[in-house]
Amino acid sequence: MVAVTGNAAEHRLYADLASWWPLISAPEEYTEEAATAATILNSAAIDVHEVLELGSGGGHNAVHLKQRFRLSLVDLSADMLAMSRRLNPECAHHQGDMRTLRLGRTFDAVFVHDAVAYMTTEADLRQVIETAFAHCRPGGMALFVPDHTAENFEPVTDHGGSDGLDGRGARYLEWTWDPDPTDTWIRSEYAFLLRDSDGSVGVVQEAHRTGLFSRQVWLRLLADAGFHAEAITEQTSGDRTPRVMFTGHRLAEPARRGRDGHADRGRADRAEPADRAEPAGRAEPAGRAEPAGRARSSGPGDQAGRGDPGGRGDRGGRGDRAGRARSVRPGRRPSS
């Protein structure tokens, strides 16, 4: 076995092994998640037509989302973008780092799936959120879907894979744990068995380091960037722990007065964005209960729920450490 460590851009899974991605994590596995994401993205105060996805990887979310939105896809890996272009030729593709990307335009919504997990420091996570805000139109929103938060993390043991029509096949084993509960990252070891069309089998092993932050840190960073922030608990039919997703609504610009002297606020100022996201997930309390059971939101400059400086927050609710939890899927995409 060949051990590979380092940052996400150096992982073989997103480089010379990218062609195996559809067999490791098939597009159809994203159907439910993409539907949930679409519902939440449509909760923006404005009509959502154009969506920017940061960390789009092989384009498996885009396969489903492009049926509802015009997508622009961004990833750090050229090899993963090449796979995505085959599946989604009608979508715009850009290579870039989600921490520093600036496309010089805005979108109705920004979607950041599990590639955000490769942010292992609060500073990196802050940069990604700032990128999302910079590309989000007033009245629009951003959705972030990390695999874990500090409060719900459990060790993971998982396996899977599939076979292709060309005789190729892939199987993987995942083992994820937290070496040090006092820091902001966890470790995942992956073993991949890859059968080529000629019947030969190769084995690759590599380690991935991904971030782990508390709800309080997420909500604070979103508010600091200028978003109205909320946490939503995912509703899933899968055999796994529901994830906590984070939304950031960018408030509409101040009302302008028309010639008749009355304020012309438009739909963006009239809507209440949080209520419209409820069908896709249950709001999660963040510090104190709200009457409707919604998450405690943080607006720009809100100091509530700042959490501990280390980024982890309360570790008391981490659950079973026996390694029985199942992950969402292997191979989170790199920071892009």
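These numbers come from a predicted model, not from an experiment.

**Q** Residue-level account of helix α6 (residues 215-225), with values.
**A** With 9 of 11 residues buried, α6 lies mostly within the body of the structure. Of all the positions in α6, only Arg 215, Val 217, Trp 218, Leu 219, Arg 220, Leu 221, Leu 222, Ala 223 and Ala 225 are classed as buried. On the buried face of α6, the contacting elements are α5 (122-134), β5 (136-144), β10 (228-234) and β11 (244-249). One or two positions beyond α6, positive phi appears at Gly 226, with a value near 115°.

**Q** Can you break down the side chain of Ser 84 residue by residue, with the values?
**A** Within the fold, Ser 84 resides in helix α4 (residues 78-87). Not counting the four nearest positions on each side in its chain, Ser 84 is found in contact with Gly 57, Gly 58, Gly 59, Leu 73 and His 93.

**Q** Pulling in residues and values, what's your account of the environment of Ala 142?
**A** Within the secondary structure, Ala 142 sits in strand β5. A relative accessible area of 0% means that Ala 142 is categorised as buried. Sequence separation between Ala 142 and Val 112 is 30 residues; the distance between their C-alpha atoms is 7.7 Å. Setting aside residues no more than four positions away along its own chain, Ala 142 makes contact with Val 110, Ala 132, Phe 227, Phe 246, Thr 247 and Gly 248.

**Q** Tell me about the pairing of β11, residues and numbers included.
**A** Counting buried positions over the 6 residues of β11 gives 6, a clear majority of the element. Neither face of β11 is left uncovered, since the one carrying Val 244, Phe 246 and Gly 248 and the one carrying Met 245, Thr 247 and His 249 both have all their residues buried. Judged from the 4 bridges that link them, β5 and β11 form a sheet pairing that is antiparallel. Paired with Leu 143 across the bridge in β11 is Thr 247.

**Q** Explain a nonpolar patch on the surface to me, using residue names and the numbers behind them.
**A** Residues Leu 193, Val 201 and Val 203 make up a contiguous nonpolar surface patch of roughly 240 Å² in combined accessible area. You can see Val 201 is positioned in strand β9 (residues 201-211). Among the residues examined, Val 201 registers a relative accessible area of 52% and is labelled exposed.

Cut-offs used in this document
- Residues numbered from 1 in each chain as written.
- Predicted model: local features only at pLDDT ≥ 70, side-chain atom pairs only at ≥ 80, totals over all residues.
- Heavy atoms only, no water.
- Buried < 20%, exposed > 50% of the residue type's maximum accessible area, 1.4 Å probe, protein only.
- Helix = DSSP H or I, 4+ residues; strand = E, 2+ residues; numbered from the N terminus.
- Contact = heavy atoms within 4.5 Å.
- Pairing = 2+ DSSP bridges.
- Patch = residues over 30% accessible without salt bridge, like charges linked within 9 Å, V, L, I, M, F, W, Y side chains within 5 Å.
- Areas by Shrake-Rupley, 256 points an atom, 1.4 Å probe, with all protein chains shown as cover.
- Salt bridge = Lys/Arg side-chain N within 4 Å of Asp/Glu carboxyl O.

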